[in-house]
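# Observations on chain architecture
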Amino acid sequence: MMIKRFRSYFLVCILSVLSPLLHADKQAIPSGNIDNKTCINCHGKINPQLIKNWKTSTHASTQPVTDCISCHGKIHNNSAATARPDKTCIACHGGDKSPVVHSYTSSKHGIIMRLEKNTYDWQQPLAQANYRAPGCSYCHMHDSNHNINSLSRHSLMESKAADNNETAIRSVCQDCHAPRYITRLLVNGENMLEIARKKVREGNNLIEQASLVFSESELKPARQVMEKMQHHLKNVYLGVGHQSPDYQWWHGHPALDGDLLNIKGIISELYRNRSE
Amino acid sequence: MERALDAKHFVDKPKAEVTACLQCHSVATKCDSCHSRHKFSAAEARRPEACITCHSGPPHPDDETYFNSAHGQLYLKEGENWDWSKPLKKGNYSAPTCAYCHMDEGKHQVADKSIWKFGLKEINPLTSGNEIKRKKWVKLCADCHDEKWSAEQLKVMDKERKKTWEKLYQAEKILKDLRTRKKLFPSVEQRPPYPGDEDDNLIKFERIGFFEGQASAFYNVSPIERDYFDMWYFGNLGAYKGSAHGDNSFVKKWHESMDENLKDIKIKAEKLQQSGKIKADTKIIKDIWHKGEYTEFNRENN
């Protein structure tokens, strides 16, 4: 009996000591418009890793910088839920028709998101399959990781070993998908991307060989096609990453096939005219 | 058997490259492409978005043309508030969706009313079979529209298709003429075989037009043949879907694009016609087309 009484007395003491602190924390939440500095001052103390991750991401080095208020708005209240939906990202990432956005919005994930976004509770953390379909932020800012580059490739021409992002990708997909399924898609995707690189390298190599014989002005049309190849390679990459069949295929591989045969056509035409 | 999985290019290309195809060309044997896990919902599959992961992109821009149309615009404006648990029947929806027209009353054979089919060859739109389909369309359109007006819309589409085929035949004629005069460069002897020709290569020839196997002629062909492939596969089908779904801006855009293609093909053909015999070391030309990292990989890994 005495012990029980002592316990509740102790609890009351603890709470009365803590309450000013809790109160202080509550007061520290700024009201009205805030700026980026204010965010970093507080959150640098509460969650230094989050700020560190943001600083290492491309967002921190864009011009103008993509800072806290760019995505979360100027009002503290509800600011996580403000930032999480796709429209926040799409506003800067080229709009609905840009390949990076369209490859996602036309994927099955993107479709389900379009249909269900208004029914989701956006206060939920971006983890543990809290959403039936992942939006941009669920994967690229998984579990509030503010380094948005953690899943992405640095160079499309390097094989995956150079990036070492497979663990990060797996940790996202496994919220919903089985490990064996993830492995299959990762392997398929990497193989498909490697074949796209083979096409690009074949095109590059043809131009390089031809540059020993022909002038730069003669090779200019071929180099212009090479630029298209880089876009089409990126489409395959986006198609694989966002699981869009259309970007893997029509915007990707057959487009690269067309580029490659056009490079071959331009160069073989040069040879033919030269000898005549 | 899924259509397209026995296509020549699917057989010929490295398997790792064509795994992309299987994501859509598996829909004949699975339900969860449209009734996605873990809902398996009829209401979800009725929404036009359920179709567009596969029905988008250059050869079948069903998504863009539908959303641009008056039907699609109404859906985008109001669709969120419609009761999607209702069957696809007259009176239940204030604008039609993909499924309302192509899967009317829940029928899962999506192409049974299709007159122009995929749009890859010219058909006679007035056969007795097509007259029956036409009546089915008019009956469906009459859920909302005047019958006479609906029948007229189908005729407008026939006219558009006719106009397209006039353009495509012009291009085909130019290419076939180049082939007859042996002016296509590189010729079939100078480049890797057309997919499937390795096995049955009794007669080697450049494939021009649907009936010769144009559908796989998007690689290992000469640039002018690829130009025609793009005109036939992307221009033609873009105009077709614009016309079928009521998106006139799309019809205009792709007809202009086909006109541009035809102009380029004429200019290129003129040059090829004037070209003399190839005096160059033909080995150089042959190497350009037969060698290279992807080309060799393709040959050895299909």
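Keep in mind that what you see is a predicted model, and the values were worked out from it rather than measured. (Residues numbered from 1 in each chain as written. Chains lettered and ligands numbered in written order. Predicted model: local features only at pLDDT ≥ 70, side-chain atom pairs only at ≥ 80, totals over all residues. Heavy atoms only, no water.)

### Considerations on the overall build of chain A
To keep it simple, the criterion reads: Each helix is a run of H or I in the DSSP string that is no shorter than four residues. Each strand is a run of E no shorter than two, and both are numbered from the N terminus. Think of it in three bands: residues with accessible area under 20% of the maximum for their type are buried, residues over 50% are exposed, and the middle band is partly exposed, with areas taken using a 1.4 Å probe on protein chains only. By definition, residues are in contact when any of their heavy atoms lie within 4.5 Å. Exposure was quantified through the Shrake-Rupley algorithm and a 1.4 Å probe, taking into account, for residues, occlusion by the shown protein chains and nothing else.
Counting its secondary structure elements, chain A contains 14 helices and 0 strands. In chain A, the order of α-helices and β-strands from amino to carboxyl end is α-α-α-α-α-α-α-α-α-α-α-α-α-α. Within the span of chain A, comprising 276 residues, buried residues form 41% of the whole. Put simply, 57% of the contacts in chain A that link residues at least 6 apart link residues at least 24 apart. Carbon and sulfur atoms provide 58% of the accessible area of chain A, an area that totals close to 15500 Å².

### As for the overall build of chain B
Along its length, chain B carries 13 helices and 0 strands. Reading chain B from its N terminus to its C terminus gives the helix and strand order α-α-α-α-α-α-α-α-α-α-α-α-α. Its C-alpha atoms put chain B at 70 × 45 × 35 Å along the principal axes. Taken across its 302 residues, chain B has 50% of its residues classed as buried. Of the roughly 15700 Å² of accessible surface on chain B, a fraction of 56% belongs to carbon and sulfur atoms.

### Section: the domain arrangement of chain B
All names here are of chain B. Inclusion rule: Boundaries of every domain are those given by an automatic assignment or by a domain database. Accessible area that two parts lose when put together, with a 1.4 Å probe and added across both, is what the buried area reports. Note on definitions: salt bridges are taken to be side-chain nitrogens of Lys or Arg within 4 Å of carboxyl oxygens of Asp or Glu.
What the domain assignment reports for chain B is domain 1 (42–48 + 56–112) and domain 2 (157–301). In this structure, domain 1 and domain 2 have C-alpha centres spaced 35 Å apart. Facing 11 residues of domain 1, the contacting portion of domain 2 comprises 11 residues. Interface area for domain 1 against domain 2, summed over the two sides, is near 890 Å², with a carbon-plus-sulfur share of 61%. A per-residue breakdown of the area domain 1 buries against domain 2 is headed by Pro58, Pro59 and Thr65, which together make up 48% of the total. In this structure, the connection of domain 1 to domain 2 is made through 1 salt bridge. We note a salt bridge from Lys241 to Asp62, for which the minimum N-O separation is 3.0 Å.

### Describing the side chain of Ser33 of chain B
Applied cut-off: Distance and chemistry together define a polar contact, namely a pair of N or O atoms within 3.5 Å, with one atom able to donate a hydrogen and the other to accept it when in protein, and with adjacent residues in sequence counting only for side-chain atoms on both sides.
If you trace the backbone, Ser33 of chain B turns up in the loop between helix H2 (15–22) and helix H3 (42–46). Given a relative accessible area of 14%, Ser33 of chain B falls into the buried group. A polar side-chain atom of Ser33 of chain B sits 3.3 Å from a polar atom in the side chain of Lys30 of chain B. In this view, Ser33 of chain B contacts Lys108 of chain A together with Val27 and Ala50 of chain B; residues no more than four positions away in its chain are not counted.

### Things to note about the interface of chain A and chain B
Of the residues lining the interface, 45 residues belong to chain A; the matching set on chain B comes to 60 residues. Between chain A and chain B lies a buried interface of about 4300 Å² when both sides are counted; carbon and sulfur atoms form 62% of it. When the area that chain A buries against chain B is broken down by residue, the three leading residues are Leu115, Trp250 and Arg272 of chain A, summing to 17%. At the boundary of chain A with chain B, the tally comes to 6 salt bridges. With a shortest N-O distance of 2.6 Å, Glu44 of chain B and Arg132 of chain A are connected by a salt bridge.

### Some points on helix H3 (residues 48–56) of chain A
Side chains that are three or four residues apart share a direction in an α-helix, a result of its 3.6 residues per turn. Residue and element names in this part refer to chain A. The criterion, for reference: What the arc covers is the set of directions going from the helix axis to the C-beta atoms.
Three or more residues of H3 are buried, namely Leu50, Ile51, Asn53 and Trp54. Summarising the axial view, the buried residues of H3 lie within an arc of 160°, below the 170-degree limit, and thus occupy one face. Across from the buried face of H3, at angles greater than 90 degrees, the exposed residues are Lys52, Lys55 and Thr56.

### Focus on helix H13 (residues 293–300) of chain B
By the burial criterion, the buried members of H13 of chain B are Tyr294, Thr295 and Asn298 of chain B. Here the buried residues of H13 of chain B occupy an arc of 100° about the axis, which is enough to place them on one side.

### Looking at unusual backbone geometry
Backbone torsion omega between Arg37 of chain B and His38 of chain B reads -5°, so that peptide bond is classified as cis. Here His38 of chain B shows up in the loop between H2 and H3. A cis geometry characterises the amide bond from Phe185 of chain B onward to Pro186 of chain B, with omega recorded as 0°. Within the secondary structure layout, Pro186 of chain B lies in the loop between helix H9 (147–180) and helix H10 (223–245). If you check the backbone angles, Gln243 of chain A has positive phi at about 55° while not being a glycine. Within the secondary structure layout, Gln243 of chain A lies in the loop between helix H12 (216–242) and helix H13 (245–248). Judged by its relative accessible area of 25%, Gln243 of chain A is partly exposed.

### So, the state of the cysteines
All names here are of chain B. What counts, and what does not: Cysteine sulfur atoms are paired as a disulfide whenever they fall within 2.5 Å.
Tallying each qualifying case throughout the model produces 1 disulfide over all chains. Bridging Cys24 to Cys54, the disulfide has an S-S length of 2.3 Å. Of note, the bridge from Cys24 to Cys54 carries an S-S torsion of about -95° and is left-handed in sense. Note that Cys24 is positioned in the loop between H2 and H3 and Cys54 in the loop between helix H4 (49–52) and helix H5 (62–68), a separation of 30 residues in sequence.

### Side note on the packing of helix H11 (residues 179–210) of chain A against H13 of chain B
How we decide: Orientation is described by lines fitted to C-alpha atoms, with helices fitted over the stretch in contact, and by angles between N-to-C directions that extend from 0 to 180 degrees. Convention used here: angles under 35 degrees read as roughly parallel, angles over 145 as roughly antiparallel, angles from 65 to 115 as roughly perpendicular, and any remaining angle as oblique.
Closest axis-to-axis distance for the H11 of chain A/H13 of chain B pair is 7 Å, and the angle between their directions is 135°. Judged by the angle between their axes, H11 of chain A and H13 of chain B are oblique. Across from Ile195, Lys198, Lys199, Arg201 and Glu202 of chain A in H11 of chain A, the residues of H13 of chain B making contact are Glu293, Tyr294, Thr295 and Phe297 of chain B.

### Here's the deal with the confidence of the model for chain B
Low pLDDT means the predicted atomic positions in that stretch should not be read closely. Test applied: The pLDDT value tells you how sure the predictor is about a given residue, anywhere from 0 up to 100.
Averaged over every residue, the pLDDT of chain B is 93; residues scoring 70 or more account for 98%. Predicted as a complex, the structure gets a pTM of 0.93 and an ipTM equal to 0.96.

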